[in-house]
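Take a look at the letters that make up each chain.
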Amino acid sequence: MTTVVLRLSSALSFVFALSLSIPVLAAGGHGTNPVIGQPGTAAKVSRTVAVELRDIAFDLGSIDVKAGETVRFVLMNTGQILHEFNIGTAAMHEEHQKEMMTMMEHGMLTPTGIDAEKMNMDMGAGSVKHDDPNSALVEPGKTRELIWTFGKAGKLEFACNVPGHYGAGMVGNFKFGR
């Protein structure tokens with residue numbers, strides 16, 4: 001009886017701990033997260049950083065930022081194919097790459113653009129949209145903006161998670177200063 005009670009107690013503790021971690025895991029790849037920060041507002045922008053998205057490269061290998069700083073990123077796609085600017089950790093990018101592959105497989109994304117109608121279709125587990133505030137898809141010849149307030153200093157990257165782009169080196173680092 002004691003063994004059964006201990007196992008049940010351990011199982012319930014595990015389930016409780018897991019339930020507490022679910023919101024953190026759910027926020028892991030998207031949007032607001034204490035590690036990566038949160039969407040910023042134009043009124044709090046301290047500076048603007050222009051980033052050129054070339055075919056399979058960013059023009060910047062790293063970007064200096066400060067914890068709590070709000071930065072406006074002006075993202076210009078000068079290449080011939082679709083690119084993304086996504087703020088996250090390496091693990092977050094790894095997860096997001098799977099979602100991007102699903103979007104590509106279902107025709108939501110093409111090598112050169114976005115099919116807005118398909119982007120809103122139901123994938124069985126709800127719609128798969130690319131509307132996270134820490135990320136922007138930029139079609140060839142287009143410019144987008146992303147305003148971001150950085151969280152605590154950490155190991156963050158900016159990356160393009162369009163299938164094959166991250167692996168080909170389309171990733172850079174945020175360097176936190178004082």
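As the structure is a computational prediction, the values presented were derived from the model and not from experiment.

A word on the pairing of strand β2 (residues 47–54)
- In terms of strand pairing, β2 meets strand β5 (residues 70–77) through 7 bridges, oriented parallel. Residue E52 lies in a different strand from β5, and its bridge partner there is M76.
- As paired elements, β2 and strand β3 (residues 57–58) share 2 bridges and run antiparallel to each other. Counterpart to R54 in the pairing with β3 is A57.
- As consecutive antiparallel partners, β2 and β3 are separated by 2 residues, and within that stretch I56 has a phi angle of approximately 65°, a positive value.

Details of the nonpolar core
- One finds V51, F73, L75, F85, I87, F150 and F174 to be the most contacted residues of the largest nonpolar core, which totals 31 residues.
- Those elements that provide at least two residues to this core are β2, β4 (62–66), β5, β6 (83–88), α2 (90–105), β7 (135–138), β8 (143–150) and β9 (156–159).
- If near-sequence neighbours (up to four positions away) are discounted, V51 is found in contact with F58, D59, L60, I63, F73, V74, L75, M76 and F85.

Let's talk about α2
- Taking 1.5 Å per residue, 16 residues should reach 22 Å; α2 reaches 23 Å between its end C-alpha atoms and fits that length.
- Looking only at α2, the buried set comprises M92, H93, H96, M100 and M103. Seen along its axis, α2 keeps its buried residues to an arc of 85°; they face one direction. Across from the buried face of α2, at angles greater than 90 degrees, the exposed residues are A91 and E105.
- Turning to α2, the residues buried within the fold contact β6, α3 (116–119), β7 and β9.
- Immediately beyond the C-terminal end of α2, within one or two residues, lies G107, with a positive phi of roughly 75°.

Definitions and limits used
- Residues numbered from 1 in each chain as written.
- Predicted model: local features only at pLDDT ≥ 70, side-chain atom pairs only at ≥ 80, totals over all residues.
- Heavy atoms only, no water.
- Pairing = 2+ DSSP bridges.
- Helix = DSSP H or I, 4+ residues; strand = E, 2+ residues; numbered from the N terminus.
- Core = buried A, V, L, I, M, F, W, Y, C linked by side-chain atoms within 4.5 Å.
- Buried < 20%, exposed > 50% of the residue type's maximum accessible area, 1.4 Å probe, protein only.
- Contact = heavy atoms within 4.5 Å.
- Expected span 1.5 Å × (residues − 1).
- Arc of directions from axis to C-beta.

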